Amino acid sequence: MIKIAIDGPSGSGKSTLARSLAKRYGYVYVDTGALYRTVGLYMLQCGVDIKSSVSVAENLKNISVELKYDENGMQHVLLNGADVGESIRTSEISAAASAVSAIPEVRAFLLDTQRKMAENNNVVMDGRDIGTVIFPDAQVKIFLTAGNLARAERRHKELTEKGENITLEKVLSDMESRDKSDRSRKEAPAIPAQDAVILDNSGFEPEDTLRAACDIINKKLGI
Ligand code: DC
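Residues numbered from 1 in each chain as written. Predicted model: local features only at pLDDT ≥ 70, side-chain atom pairs only at ≥ 80, totals over all residues. Heavy atoms only, no water.

Q: It is not clear to me how the packing of aromatic side chains should be interpreted in this structure. Could you clarify?
A: The relation between two aromatic rings is expressed through the spacing of the ring centres and the mutual angle of the planes. Here the structure, examined in full by the defined rule, presents one aromatic pair. Ring geometry for Tyr25 against Tyr27: centres 5.8 Å apart, planes inclined by 40°, an arrangement best described as tilted. Take Tyr25: its relative accessible area is 18%, and that puts it in the buried class. Accessibility expressed as a relative area gives 14% for Tyr27, which makes it buried. (Phe/Tyr/Trp six-rings, centres within 6.5 Å; stacked < 30°, edge-to-face > 60°. Buried < 20%, exposed > 50% of the residue type's maximum accessible area, 1.4 Å probe, protein only.)

Q: Honestly, the site of the ligand in this entry has me stumped. Any pointers?
A: By nearness alone, 14 residues border the ligand, and Arg37, Arg107, Arg128, Arg178 and Asp182 come closest of all. Separating an oxygen atom of the ligand from a side-chain N or O atom of Ser101 is a distance of 3.4 Å. With respect to the ligand, the side chain of Asp129 contributes an N or O atom lying 3.1 Å from a nitrogen atom. When isolated, the ligand has an accessible area of 450 Å², and the protein chains bury 97% of it. If you list the elements that add at least two residues to the shell around the ligand, you get α2 (33-45), α4 (91-101) and α8 (168-184). Residues belonging to the shell around the ligand are distributed by class as follows: two nonpolar, five polar and seven charged. (Near = heavy atom within 4 Å. Polar contact = N/O pair within 3.5 Å; in protein donor to acceptor, adjacent residues only side chain to side chain. Areas by Shrake-Rupley, 256 points an atom, 1.4 Å probe, with all protein chains shown as cover. Helix = DSSP H or I, 4+ residues; strand = E, 2+ residues; numbered from the N terminus. Nonpolar A, V, L, I, M, F, W, Y, C, P; charged D, E, K, R; others polar.)

Q: What am I meant to see in empty space enclosed by the protein here?
A: Empty space among the atoms becomes visible once a probe the size of a water molecule is rolled across them. Across all of its chains, the model carries one cavity of 30 Å³ or more by this definition. The computed volume of the largest cavity comes to approximately 50 Å³. Ala5, Asp7, Gly131, Thr132, Lys141, Ile142, Phe143, Ile191, Pro192, Ala193 and Ala196 are the residues that line the largest cavity. For the lining of the largest cavity, the secondary-structure elements that each account for two or more residues are β1 (3-7), α6 (130-134) and β7 (140-145). If you tally residues by element for the lining of the largest cavity, the top one is β7, at three residues. When its residues are assigned to classes, the lining of the largest cavity shows seven nonpolar, two polar and two charged. (1 Å grid on protein atoms, 1.4 Å probe; cavity = no way out; pocket = protein on both sides within 12 Å on 5 of 7 lines; lining within 4 Å. Points joined across faces, edges and corners; volume = space filled by probe spheres on them.)

See below:
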């Protein structure tokens, strides 16, 4: 099976790129951040102290997290059987996802769900550790990045379009602290795999990023 790993920090356009690539190549798109967001959502809903790795790890036994795809190829995350929908897309959940993602038990809990997706499907998977931990053998690894302000502006646009009332400054400072902790955590830090191609898309439109990524993929896959 073919595995295309798209890693990189928030706001780099990973999901937009990975979704377009999946469409173009006819592969399944897997958004792994949604899994961490769902764990974060559950812990917040249940009043679990997300700073306590012991409490979070203890509560994992109460949840099941599954991926489902609808007829349009859209991914849905089921938390204990119920679709979490867009409730995982707030800035509060972003922070909770980042916090729980640093806990080794959470990463171990979500490992199989991610690896299983590539057992019977060609996949384009986006996340932070796809090329380093989930699929070290991925045929293509792209580490997508962009300048901090460019990434914050994209995220700010996304959040305000959804009706969240948040300033660009707050998005930027939240993003920088989240990136710092994602990058510096002990377990699966969000850094490029040694054999990843680094793609900086500052100033790119989504179609420029797609074109650059297709060049990398076609070369790697020999197509
Ligand atoms: O990609 P995202 O913004 O939806 O991810 C939310 C958080 O989840 C992010 O701060 C880091 C974490 N994450 C991770 O640690 N590993 C992944 N493969 C995907 C996301």
